[in-house]
Amino acid sequence: MIRLAGIEKRFGPVLANRGATLEVSAGEIHALVGENGAGKSTLMRILSGMFQPNAGRMEVAGKDVTGWSTAEAIKAGVGMVHQHFMLVPTLTVTENITLGAELTKGGGRLDRARGRAEMQALIERTGLHVPPEHRVADLTVGEAQRVEILKTLYRGAKVLILDEPTAVLSPAEVNELWRVLRKLRDEGGTIVLITHKLDEVMAISETITVMRQGETVGRLKTASTSPAEIAKMMVGREVVLAQRTADTRPKAQDPRPQAVAALEVKDLTVPSARKKNAVDGISFSVAPGEILGIAGVEGNGQTELIEAIAGLRDVASGSITMADTDISRLSVRKRGDLGLSHIPEDRHERGLILEYSVAANLILGQQHRFTKRGALDVTRIAEHARRLIAAFDIRPADASLPARALSGGNQQKIVIAREMGGARDFKILLASQPTRGVDVGAIEFIHAQLRAARDAGKGVLLVSADLNEVLALSDRIAVMYGGRVVAIVPGASATAEALGSFMTGAAA
Amino acid sequence: MMIFGFLAQTLRIAMPYLFASSGGVISERAGMIALTLEGYMLIAAFTAALGSHYAGPWVGLLTGVAGGVAAALLYGVCCIRYRANQVVVGIAINLFAIGITRFFLRLIFDSSSNSPRIAGFTETGTGFAALALNPLVWLGLLSLPAVGWILFRTPFGLRLRAVGEHPGAALSVGVPVQRVRWIAVAISGAFAGLGGAYLALDQHQFTDGMTAGRGFIAIAATIFGRWHPRLVAIACVLFAGAETLQIQLQGAQLVPSQFVEMIPYVLTIVALAGVVGRAVPPAALGKSEV
Amino acid sequence: MRAKLEEALLPPIVALLIALIVGDVLILSFGQSPAAVFRLLLEGTWGNAYGFGQVLYKATMLTFTGLAVGLALRAGLFNIGAESQLAAGGFAAALVGLVLPAGLPALLVLPAYVLAAAVGGGAVGIVPGVLKARFGAHEVITTIMLNFIVLALLNYLIAERFSVHDTLHTAEIKSGALPRLADVFPAFHGSAANTVLFLGVLVVAALWWFLFRTRAGFELRAVGLQPRAAEYGGVRVGRVWWTSMALAGAVAGIGGLNYVLGYKRYYEEGFGAGAGFLGIAVALVGRNHPVGIVIAAVLFATLSQGGLAVNALVPKQMVDVLQAVVIISMATAVPEVRRALLAIRPAASAKATA
């Protein structure tokens, strides 16, 4: 039914898909799995016509459709339900579904009566219940998703692609969705489900395609495989794990049990725009001289957790304590002054001001400490920059360059130098995706910095979507899934396979 | 009898507001900021005077609309094609309108203040009889209802509203977002053009700067009316009524005229600050990207 | 560095070229020769002392309003209210002038005037800032609305209470008037240029220092560039918004002294003559930098005065048109130039985003 072969897609310097393949038979529910950045969404957006591939071949129902547009795809009956809904909140369900394909009566007027009738018929036929005259803004997330599905069915979709559909659903809504998908399959539809959640894959799919780093690494029959096997394929055996030597091996015993925790989080709940909480009653602590790594696929609450601890996001309930001081209600600046350092996950949005010079970025968040009677102490700032550039080998070694001009790795070094280096006396370091978009040499350097901080008695809370990084650095590993911590294991004995199961919700 | 005079004058004053705010609603509902209404109206008033001077009021009406549309197309080129900042270009077009109308006033009519007298649709009287004979009055009364009809009863209106709230969603179902924006801007220019034509033909001449901020009152009405044609119409009549009241009570000196002048603007700020329910603009207003 | 300079200078050059072309078209349509008109323009502005004095006067006014707009833009805010902030500041100063006893030395009372003007303008400027910080009300609309409100209020105060009979201005201030340039250099006789010009230079220097040398300026610019990163850096974004609007209003208000202290020595309705709106053009062409703003102010002042000088050949309204054309061209050129430069040099941008 659907055949993709040798698909290559490039975005600037990034190769999102390389030689990816996919084979889906008609009338089956097919799961497309892989970690973040594996290239699943990109591949499906190519199939749905949103992107055009740089190379490769696409066939649907025997016809060559390589590089087609969304309009052509929709006409041929291929529809995609995106992860982030493409719905107009102020319009009704009926209006959203019929947008672009409206029913009219004489004089060019909208035929609302006929529209209502058709919606009713569609709803009855598919069993996807939504209140057709309600505004989309008033719907629950589950209902909104059903509207997205109805949008494709209204246009006669026979092939339905769903991108991470359960990311925002409650368990009850997930079961509803399965019921709907099975019904559609029974009526002759073909379904491709993009997901990283293995429990779902086992529950609903018949065939599985596994992707890793832009290419397809395996095709399995659900009935004859297991979550462990799938996880292994997703994470990859031959990927080089950072070397663990005797020096870097995490300590097996509890570090200084009588010391006050560097960071303690108790029953923390952080709301999200949706009904589900982003962080749902989490408790853990980070001891001084320890790296606690949080493993998990992105989107399970890690971002919100870190932002809440840093003071960039409000908490609904719970407490955050740093070395015996309750910081739950303190400002970002106060937390920094009391010893909290934060390497943010998005250096371009949060961590750096790209137009500012390297020197200026090296004092971001600390500018009040480099002030003398309201004026910036230019000499001290320059000296500070000189020292940090040398200590962290930031290149080019020109403090006056705008941060924009440096490579990703060097930009990250600026952030790390600022948060960890010089006279910065921190108690706890929040390191979120610290080596994302950074070249191999810089990765080694950054890892060494984190270990040095740990050895110097600081607490480090590491969040990374890169399982290998978490495994290489952490003394203890917590796994986050669905806004909760589902496991805490010692780093020394953890394996990728075991963690993979927790990360994907397969293990209870 | 006093009440009829009051109503007639209110209607007369409200006409430009009704026209211009029709343009405001259509434009902003599609996501394009309508600060330019003042400029559209002024240019249209001039081109309408020009047309009527050479070929009578009906031609003046057409040239007025053409002037408004031309100004709107300039706005479209800068902000849709080149995605320039809509606020800055909007203000610049208003300044441009002042300058260009004055320039051509000198060039064509050799005056710094006004054109020669032109024929309008009514020669004498300001009462209801005169109003009823003026086709522009009928058009004006129909303008906001027409906008309401377009927005809520036609497929184009549905797509326009989608473009103004969530262009990505519109694009995902194949709605040509840029084209919709162009059409919306052109229609707003046409409506504002009618407003300018009304002004010039009603006063039987073009005067330098004759719009005198009416375009901004129209924006105030648009915002205060929450971009809903029915509410906007009420706002226009409300503002016009306050003005009429102030004029008629001038002798009595109850409230200084300047404070009556302020009413539309104060109400708009109140609406934006959400003291009586927040006025929330279309979500994609002012964003030129998709 | 070179790229930054290109990105900064190309758009104004493009805008001016377009304005030049449009100007030629307008001049030709009036049956005149562009060369003759431009020569007359230069003669009437920089070619004689009176004209130059007028240029200096207008440039001073435009510098203040340009700074008021540019400062707010540095914080990411559109200040369309410079016109009313300017008027309010001038009015406040005029009130002080009515209250002070006669005969006091100018230098002694100058601080009082500056303070009054700053408070007057700042009071008008702070309102939209607070509305944005507290309610999320977009400052474009609130500044425009407030323009009308404040100007109407001032009109009322003048017409009903403070004006000299049969005029639209207040009584002359009794002390503290600053000398005109003509008093020191007789060649400037008749022009409005006055010593508030030097106050303007001071304000330019002070704002430059504020923006680029103080912590508050550091945080203000951060908010304008990347509010999320500023927030991460411990900056209270809402507070920066209303304080920068108050400061911008204050700067515009001080500009009112150019007329009230240095020129006519009273407040007159409409004394700003559109400087508030032109300030937007000045800020844009000057790329929101104090030095650039001064240069742009001189440019626009030259155009303005030049229009008067060539009025015999071409209507002075041509200048109004050209000024609008410059704004439109700038607004269109800035993003276009940025896109073009990114397309030509993707390697540099890819490096940055890697």
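Residues numbered from 1 in each chain as written. Chains lettered and ligands numbered in written order. Predicted model: local features only at pLDDT ≥ 70, side-chain atom pairs only at ≥ 80, totals over all residues.

S.K.: Lay out the overall build of chain C in plain terms, naming residues and giving numbers.
M.R.: Scanning chain C for helices and strands turns up 16 helices and zero strands. Here chain C has a C-alpha radius of gyration of 21 Å; the compact-globule value for 354 residues is 20 Å, and the two agree. Structurally, chain C occupies a C-alpha span of about 70 × 55 × 35 Å along its principal axes. (Helix = DSSP H or I, 4+ residues; strand = E, 2+ residues; numbered from the N terminus. Rg over C-alpha atoms; globule rule 2.2 N^0.38 Å.)

S.K.: Hey, could you go over unusual backbone geometry for me, with residue numbers and the actual values?
M.R.: Put simply, Arg395 of chain A and Pro396 of chain A share a cis peptide bond, and its omega is 0 degrees. Tracing the chain through its elements places Pro396 of chain A in the loop between helix H13 (378–391) and helix H14 (408–420). Although it is not a glycine, His204 of chain B adopts a positive phi angle of roughly 60 degrees. Of note, His204 of chain B is situated in the loop between helix H9 (177–203) and helix H10 (214–224). C-beta crowding within 10 Å serves as the criterion here: with 17 such atoms nearby, His204 of chain B is assigned to the partly exposed category. (Buried ≥ 20, exposed ≤ 12 C-beta atoms within 10 Å, placed from the backbone.)

S.K.: Now, about the sheet that holds strand S4 (residues 55–60) of chain A: what can you tell me, with residues and values included?
M.R.: All names here are of chain A. Overall, antiparallel pairing links the four strands, which are arranged S2-S1-S4-S5 in an open sheet. The two strands at the open ends of the sheet, each matched to only one other strand, are strand S2 (14–24) and strand S5 (63–64). Alignment of S4 against S5, held across two bridges, turns out to be antiparallel. Residue pairing across strands places Glu59 opposite Asp64, the latter belonging to S5. Contacting strand S1 (2–11), S2 and S4, helix H1 (residues 40–47) crosses the sheet at an angle of about 115 degrees to S1. (Pairing = 2+ DSSP bridges. Contact = placed C-beta atoms within 7 Å. Axes fitted to C-alpha atoms, helices over the stretch in contact; angles between N-to-C directions.)

S.K.: Kindly report on the sheet that holds strand S12 (residues 215–221) of chain A, identifying the contributing residues and their values.
M.R.: All names here are of chain A. Spatial strand order, S6-S9-S10-S3-S11-S12: six strands in an open sheet with mixed pairing. Every interior strand has two partners, whereas the edge strands, strand S6 (78–81) and S12, have only one. Strand-to-strand, the axes of this sheet are offset by a mean angle of 20 degrees, without reference to chain direction. Here S6 pairs with strand S9 (residues 159–163) via four bridges, running parallel. Bridge pairing in S9 places Val81 opposite Leu162.

S.K.: Account for helix H11 (residues 229–248) of chain B, naming residues and giving values.
M.R.: Residues and elements named next belong to chain B. Helix length check: H11, at 20 residues, gives a terminal C-alpha distance of 28 Å against a target of 28 Å (1.5 Å per residue), a fit within 8%. Considered for burial, the residues of H11 that qualify are Pro229, Val232, Ala233, Ala235, Cys236, Phe239, Ala240, Ala242, Glu243 and Thr244. Here the buried face of H11 lies against helix H1 (2–29), helix H6 (135–153), H10 and helix H12 (257–273). (Expected span 1.5 Å × (residues − 1).)

S.K.: Quick one: what's the story with the interface of chain A and chain C, residue by residue and with numbers?
M.R.: With 27 residues of chain A at the contact, the number on the chain C side is 19 residues. Of all the secondary-structure elements, those providing two or more residues to the side of chain A that touches chain C are helix H10 (332–338), helix H11 (347–351) and strand S20 (375–376) of chain A. In terms of residue class, the side of chain A that touches chain C is built from ten nonpolar, twelve polar and five charged. (Nonpolar A, V, L, I, M, F, W, Y, C, P; charged D, E, K, R; others polar.)

S.K.: Give me the interface of chain C and chain B: which residues, what numbers.
M.R.: It is common to report an interface's size as the accessible area lost on association of the parts. With 37 residues of chain C in contact, the opposing surface of chain B contributes 35 residues. Contributions of two or more residues to the side of chain C that touches chain B are made by helix H1 (2–29), helix H5 (106–135), helix H6 (139–162), helix H13 (275–285) and helix H15 (317–344) of chain C. Considering each element in turn, the side of chain C that touches chain B owes the most residues, 13 residues, to H15 of chain C.

S.K.: Any details on the packing of H6 of chain B against H9 of chain B? Residues and values, ideally.
M.R.: All names here are of chain B. Where H6 contacts H9, the axes come no closer than 11 Å and their chain directions differ by 145 degrees. H9 is crossed by H6, and the crossing has left-handed handedness. For the pair H6 and H9, the contacting residues are Leu136, Leu139, Gly140 and Ser143 in the first and Phe191, Leu194, Ala197, Tyr198 and Leu201 in the second. Considering only residue class, the contact of H6 with H9 consists of seven nonpolar, two polar and no charged. (Left-handed = near helix turned anticlockwise from the far one by under 90°.)

S.K.: Describe the packing of H12 of chain B against H6 of chain C, naming the residues involved and giving the relevant values.
M.R.: Put simply, H12 of chain B and H6 of chain C touch, their axes get as near as 9 Å, and they point 155 degrees apart. By the criterion of interaxial angle, the relationship of H12 of chain B to H6 of chain C is roughly antiparallel. Crossing handedness for the pair H12 of chain B and H6 of chain C: left-handed. Only Ile141, Thr142, Met145, Phe148, Ile149, Ala152, Leu153, Asn155 and Tyr156 of chain C of H6 of chain C make contact with H12 of chain B, whose side of the interface consists of Gln258, Phe259, Glu261, Met262, Tyr265, Val266, Thr268, Ile269 and Leu272 of chain B. Within the contact of H12 of chain B with H6 of chain C, the residues separate by chemical class into 13 nonpolar, four polar and one charged. (Parallel < 35°, antiparallel > 145°, perpendicular 65-115°, else oblique.)

S.K.: Tell me about the pairing of strand S3 (residues 29–33) of chain A, residues and numbers included.
M.R.: Residue and element names in this part refer to chain A. In terms of burial, S3 is a largely internal element, five of the five residues being buried. Of the two faces of S3, the one holding Ile29, Ala31 and Val33 and the one holding His30 and Leu32 are both buried throughout. Pairing analysis gives five bridges linking S3 to strand S10 (residues 190–195), with the strands arranged parallel. Its bridge partner lying in S10, Leu32 is registered against Ile194. In this structure, S3 lies alongside strand S11 (residues 207–212), joined through four bridges in parallel fashion. Residue Leu32 lies in a different strand from S11, and its bridge partner there is Thr209.

S.K.: Go over the confidence of the model for chain C with me, naming the residues and quoting the values.
M.R.: Residue and element names in this part refer to chain C. Here chain C shows a mean pLDDT of 89. Residues at 70 or above account for 96%. Segment residues 347–354 is flagged for pLDDT under 50; beyond a separation of four residues in sequence, or across chains, it makes eleven contacts in the model. As scored by the predictor, the complex reaches a pTM of 0.84 and an ipTM of 0.86. (pLDDT = per-residue confidence, 0-100.)

S.K.: I'd like to hear about the domain arrangement of chain C, residue by residue, with values.
M.R.: Residues and elements named next belong to chain C. Partitioning chain C into domains gives domain 1 (1–32 + 316–354) and domain 2 (37–313). Listed per partner, the contact involves 14 residues of domain 1 and 15 residues of domain 2. Elements supplying a minimum of two residues to the side of domain 1 that touches domain 2: H1 and H15. Broken down by element, the residue count for the side of domain 1 that touches domain 2 peaks at eight residues, all from H15. Among the residues making up the side of domain 1 that touches domain 2, the classes are represented as eleven nonpolar, two polar and one charged. (Domains from an automatic or database assignment.)

S.K.: Would you mind going over the environment of Leu157 of chain C in detail, with residue names and values included?
M.R.: Residues and elements named next belong to chain C. Mapped onto the fold, Leu157 is located in helix H6. Taking the number of C-beta atoms within 10 Å as the measure of exposure, Leu157 has 18 and is therefore partly exposed. In this structure the C-alpha to C-alpha distance between Leu157 and Val223, which are 66 residues apart in sequence, comes to 37 Å.

S.K.: Just give me the short version of helix H2 (residues 37–55) of chain B, but keep the residues and values in it.
M.R.: Residues and elements named next belong to chain B. Across its 19 residues, H2 extends 26 Å between first and last C-alpha, which sits within 8% of the 27 Å expected from 1.5 Å per residue. Of all 19 residues in H2, 17 are buried, a share of seventy percent or more. Just beyond H2, the residue with positive phi is Gly56, at close to 90 degrees.

S.K.: I'd like a description of the environment of Ala279 of chain B, backed by residues and values.
M.R.: All names here are of chain B. Relative to the assigned elements, Ala279 resides in the segment after H12. For Ala279, a count of 20 C-beta atoms within 10 Å gives the class buried. Put simply, Ala279 and Ile223 are 56 residues apart on the chain and 6.9 Å apart in space, counted from C-alpha to C-alpha. When near neighbours in sequence (up to four residues on either side) are disregarded, Ala279 contacts Ile223, Arg226, Ala271 and Leu272.

S.K.: Describe the environment of Val24 of chain A, with residues and values.
M.R.: Following the sequence through the fold, Val24 of chain A ends up in strand S2. With near-sequence residues (within four places) excluded, Val24 of chain A lies in contact with Met1, Ile2, His30, Thr190 and Val192 of chain A.

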